[in-house]
Amino acid sequence: MKIAIIGGGVSGLVAGCLLAEAGCAVTIYERKNRVGKKLLATGNGRANVSNADLSSGHWHSESPLPFDPGTYFSAEARREFFDALGIDLVEEDRGKLYPSTLQARTVLNALRRRFFAADGEELVETCIDSIEQSKGGFLLASGENSFFADKVIVATGGMAMPQSGSDGKGYGLMKAFGHKKTRTFPGISALLCESPYLKHLNGTKVQGRITLYKNGEGIASEEGEILLAKDGISGPPVLDLARAVGEGKGDYAVSFPMLNHLDQLPDYRNILEGRSYLPVAAKDFLDGILSNKWVHVVLKECGLKGGEPMDQLSWEERDRLLKLLFSFTLPVTGVRGFDYAQVTCGGMALSGFSADLESLYAPGLYAAGEVLDVDGDCGGYNIHWALASAHRIARAIIKNDK
Ligand SMILES: Cc1cc2nc3c(=O)[nH]c(=O)nc-3n(C[C@H](O)[C@H](O)[C@H](O)COP(=O)(O)OP(=O)(O)OC[C@H]3O[C@@H](n4cnc5c(N)ncnc54)[C@H](O)[C@@H]3O)c2cc1C
């Protein structure tokens, strides 16, 4: 059986390996000059391929998922798969799993080795422009060339990091068969914020719990290192909040502490709360607990000049100071776009596919990975979805072929 896979990303390569090993004649068509460009960029070049926690709340879609990626591609299935690739996985913070070499290249090389060992074929610099049904199979067009296949897997990715080759072109291939696309927006990305202080705070970091508010109500909260830039904020706890901002309409804001270790400094806390007194200037007092860029912000926000002795602050001034130190608020104006995002929220609507991700409009046509309306949380859940969906399709094709 001839199988055409459009897109040489993780999902295309995984489906390719499994189907070629089962004896299918598999060709991967990749528009770029090499496969796996995005995979190499994942996890800061280390490829966070999955997560120890596979509970179902980590994947999102407008419709119910056709199968639970954590149950279907369970820890055991995952171990079997990576064992066969010769890759040991190591666990880091928040259950994130990486190849033990901590190099994405290891995963890409192992997938390609396995694919070629099973006589798989790669055709790079071949952008598939259209697919049509023909003689019990499909005809793929790329410029002047056309290719026949009995079955086709569309694994063209979403729109995040378009320079890697996935720029949304794959959606059109499926729309031609009547498939619908849900609204798409960038996920796992930095938040854009408006504040006169951001230019000054650019490059600073704080550690703590960040809360996202929609119309004044707290809707999500994450903990970790928050990085401030001149136009917004990023860092691991911020990335997962992008989905909620992109998803809805409303007034969004975030708040986080400027410092998180005041409880370890009881003397400072007592002074701030007025239980003990110190005739030190406000600026010098703040200098002892905050980095100097933040001292400027606090003084300005609290309307203090800096020379005021701490023991002469009014209760209102103390209250304002305390609130600010524990909860610095920034209005959120949006999410940084697809050029910076790690995933596309939305994609081809799941209602058009069977439980094995086969098209309900064109049997023999399948879709895997990020091209579908499924996105996962930061922490390895998107590659896990790419693996699980590709595995599911390959298993279905192999089973039906027997
Ligand atoms: C910077 C960055 C870091 C990330 N880090 C992680 C991480 O650590 N862990 C994690 O789980 N997820 C991570 N992700 C998300 C993850 O990489 C993707 O969800 C996953 O790679 C999607 O795989 P895919 O096979 O569906 O698509 P892709 O990997 O996007 O592959 C699609 C391929 O199809 C090709 N293509 C597109 N259209 C055509 C066409 N018409 N003809 C031929 N070829 C075509 C593209 O060139 C591309 O090579 C990250 C994403 C980015 C951008």
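Computed from a prediction, not measured in an experiment: that's the story for all the values here.

Participant: Any chance you could explain the sheet that holds strand S10 (residues 145-149) here in plain terms?
Facilitator: The strands making up a sheet associate through hydrogen bonds between their backbones, and the pairing can be parallel or antiparallel. Ordered in space as S8-S9-S10, the 3 strands form an open sheet in which the pairing is antiparallel. This sheet does not close on itself; its edge strands, each paired only once, are strand S8 (130-134) and S10. Shown here is a sheet whose adjacent strand axes are inclined to one another by a mean of 25°, direction ignored. Sheet analysis places S8 next to strand S9 (residues 137-142), joined by 5 bridges and oriented antiparallel. Paired with Ser-134 across the bridge in S9 is Gly-137.

Participant: Looking at this model, I keep getting lost on the environment of Glu-317. Mind explaining?
Facilitator: Tracing the backbone shows Glu-317 in helix H13 (residues 315-326). With a relative accessible area of 23%, Glu-317 lands in the partly exposed category. Sequence spacing of Glu-317 and Ala-75 is 242 residues, and the spatial spacing of their C-alpha atoms is 54 Å. There is a polar contact of 2.9 Å between the side chain of Glu-317 and the backbone nitrogen of Ser-314.

Participant: So what exactly am I meant to see when it comes to the pattern of salt bridges here?
Facilitator: Note that side chains of opposite charge can pair when their charged atoms are close. On inspection of all chains with the given rule, the structure shows 13 salt bridges. Close ionic contact of Arg-114 with Glu-21 constitutes a salt bridge, the shortest N to O distance being 2.7 Å. On the criterion of sequence distance, the pair formed by Arg-114 in helix H5 (residues 104-117) and Glu-21 in helix H1 (residues 10-21) is long-range, its members being 93 residues apart. For Arg-114, a relative accessible area of 12% gives the class buried. We note a salt bridge from Glu-92 to Arg-46, for which the minimum N-O separation is 2.7 Å. Linking Glu-92 in the loop between strand S5 (89-91) and strand S6 (96-99) with Arg-46 in the loop between helix H2 (37-41) and strand S3 (50-51), this pair joins segments that are 46 residues apart in sequence. With a relative accessible area of 29%, Glu-92 lands in the partly exposed category.

Participant: Just to check I follow, could you spell out the site of the ligand for this structure?
Facilitator: Around the ligand lies a shell of 33 residues, among which Ser-11, Glu-30, Asn-48, Glu-370 and Ile-383 are the nearest. Here the ligand has 1000 Å² of accessible area as a free molecule, and 95% of this is covered by the chains. Mapped by element, the contributors of at least two residues to the shell around the ligand are H1, H2 and helix H14 (381-401). By residue number, the principal contributor to the shell around the ligand is H14, which donates 3 residues. Looking at the shell around the ligand, its residues break down into 11 nonpolar, 17 polar and 5 charged.

Participant: Would you mind showing me how to read a negative patch on the surface here?
Facilitator: Negative charge collects at one region of the surface, where Glu-76, Glu-80, Asp-83 and Asp-88 lie side by side. Tracing the chain through its elements places Asp-83 in helix H4 (residues 75-85).

Participant: Can you help me understand the domain arrangement of the chain in this one?
Facilitator: Reports of interface size often rely on the accessible area that becomes lost once the parts have come together. By the assigned domains, the chain splits into domain 1 (2-186 + 345-401), domain 2 (190-257 + 329-335) and domain 3 (262-326). Centre-to-centre separation of domain 1 and domain 2, based on C-alpha positions: 31 Å. If you look at the interface, domain 1 gives 10 residues, while domain 2 gives 10 residues. For the pair domain 1 and domain 2, the summed buried surface comes to about 780 Å²; carbon and sulfur atoms form 46% of the total. Considering only the side of domain 1, the residues that lose the most area to domain 2 are Arg-94, Phe-185 and Cys-378, jointly responsible for 54% of the buried surface there.

Participant: Please explain the packing of aromatic side chains as it appears in this structure.
Facilitator: Two descriptors summarise a pair of aromatic rings, namely the distance from one centre to the other and the angle between the planes of the rings. For the structure shown, the criterion picks out 10 aromatic pairs. On the numbers, 5.8 Å between centres and 75° between planes, the contact of Phe-256 with Phe-328 is edge-to-face. Taken together, the residues Phe-256 in strand S17 (residues 252-256) and Phe-328 in strand S18 (residues 328-335) connect sequence positions 72 residues apart. What makes Phe-328 buried here is its relative accessible area of 2%.

Participant: Help me out: how do you make sense of the pairing of strand S2 (residues 25-29) in this one?
Facilitator: On a regular strand, one side chain projects to one face of the sheet and the next to the other, so that they alternate. Across the 5 residues that make up S2, a large majority, 4, are buried. Note: strand S1 (residues 2-6) against S2, 5 bridges, orientation parallel. Residue Ile-3 lies in a different strand from S2, and its bridge partner there is Val-26. Crossover handedness for the path S1 to H1 to S2: right-handed. The sheet contact formed by S2 and strand S7 (residues 121-123) spans 3 bridges and is parallel. Residue pairing across strands places Thr-27 opposite Glu-121, the latter belonging to S7.

Participant: It is not clear to me how the packing of H1 against H5 should be interpreted in this structure. Could you clarify?
Facilitator: How two helices pack is summed up by the angle between their axes together with the distance between the axes. In contact at an axis separation of 9 Å, H1 and H5 are set at 30° when each is read in the N-to-C sense. As far as their axial angle goes, H5 and H1 are roughly parallel. The interaxial crossing formed by H1 with H5 has left-handed handedness. Here H1 contributes Leu-13, Val-14, Gly-16, Cys-17, Leu-18, Ala-20 and Glu-21 to the contact with H5, which in turn contributes Leu-108, Leu-111, Arg-112, Arg-114 and Phe-115.

Participant: Please clarify how the sheet that holds S3 should be interpreted in this entry.
Facilitator: With antiparallel pairing, 3 strands are arranged side by side in an open sheet as S3-S6-S5. Because the sheet does not close on itself, it has two edges, and the strands there are S3 and S5. Examined bridge by bridge, S5 and S6 share 3 bridges and lie antiparallel to one another. Paired with Leu-89 across the strands is Pro-99, a residue of S6.

Participant: What is the right way to look at the nonpolar core in this model?
Facilitator: General note: in soluble globular proteins, nonpolar side chains tend to be found buried as a group. Counting residues in hydrophobic clusters, the biggest one holds 72 residues, and the most contacted among them are Ile-131, Leu-140, Val-152 and Ile-153. What Ile-153 contacts, discounting residues up to four positions off in sequence, is Ile-3, Ala-4, Ile-5, Ile-6, Ala-15, Leu-19, Tyr-366, Ala-368, Ile-393 and Ile-397. Val-206, Leu-272, Val-298 and Leu-304 belong to the second-largest nonpolar core, a separate cluster that totals 44 residues.

Thresholds applied
Residues numbered from 1 in each chain as written. Predicted model: local features only at pLDDT ≥ 70, side-chain atom pairs only at ≥ 80, totals over all residues. Heavy atoms only, no water. Pairing = 2+ DSSP bridges. Helix = DSSP H or I, 4+ residues; strand = E, 2+ residues; numbered from the N terminus. Axes fitted to C-alpha atoms, helices over the stretch in contact; angles between N-to-C directions. Buried < 20%, exposed > 50% of the residue type's maximum accessible area, 1.4 Å probe, protein only. Polar contact = N/O pair within 3.5 Å; in protein donor to acceptor, adjacent residues only side chain to side chain. Salt bridge = Lys/Arg side-chain N within 4 Å of Asp/Glu carboxyl O. Near = heavy atom within 4 Å. Areas by Shrake-Rupley, 256 points an atom, 1.4 Å probe, with all protein chains shown as cover. Nonpolar A, V, L, I, M, F, W, Y, C, P; charged D, E, K, R; others polar. Patch = residues over 30% accessible without salt bridge, like charges linked within 9 Å, V, L, I, M, F, W, Y side chains within 5 Å. Lys, Arg positive; Asp, Glu negative; His and termini not counted. Charge placed at Lys NZ, Arg CZ, Asp CG, Glu CD. Domains from an automatic or database assignment. Contact = heavy atoms within 4.5 Å. Buried area = accessible area lost by both parts, 1.4 Å probe. Phe/Tyr/Trp six-rings, centres within 6.5 Å; stacked < 30°, edge-to-face > 60°. Right-handed = clockwise from strand over helix to strand, strands pointing away. Parallel < 35°, antiparallel > 145°, perpendicular 65-115°, else oblique. Left-handed = near helix turned anticlockwise from the far one by under 90°. Core = buried A, V, L, I, M, F, W, Y, C linked by side-chain atoms within 4.5 Å.

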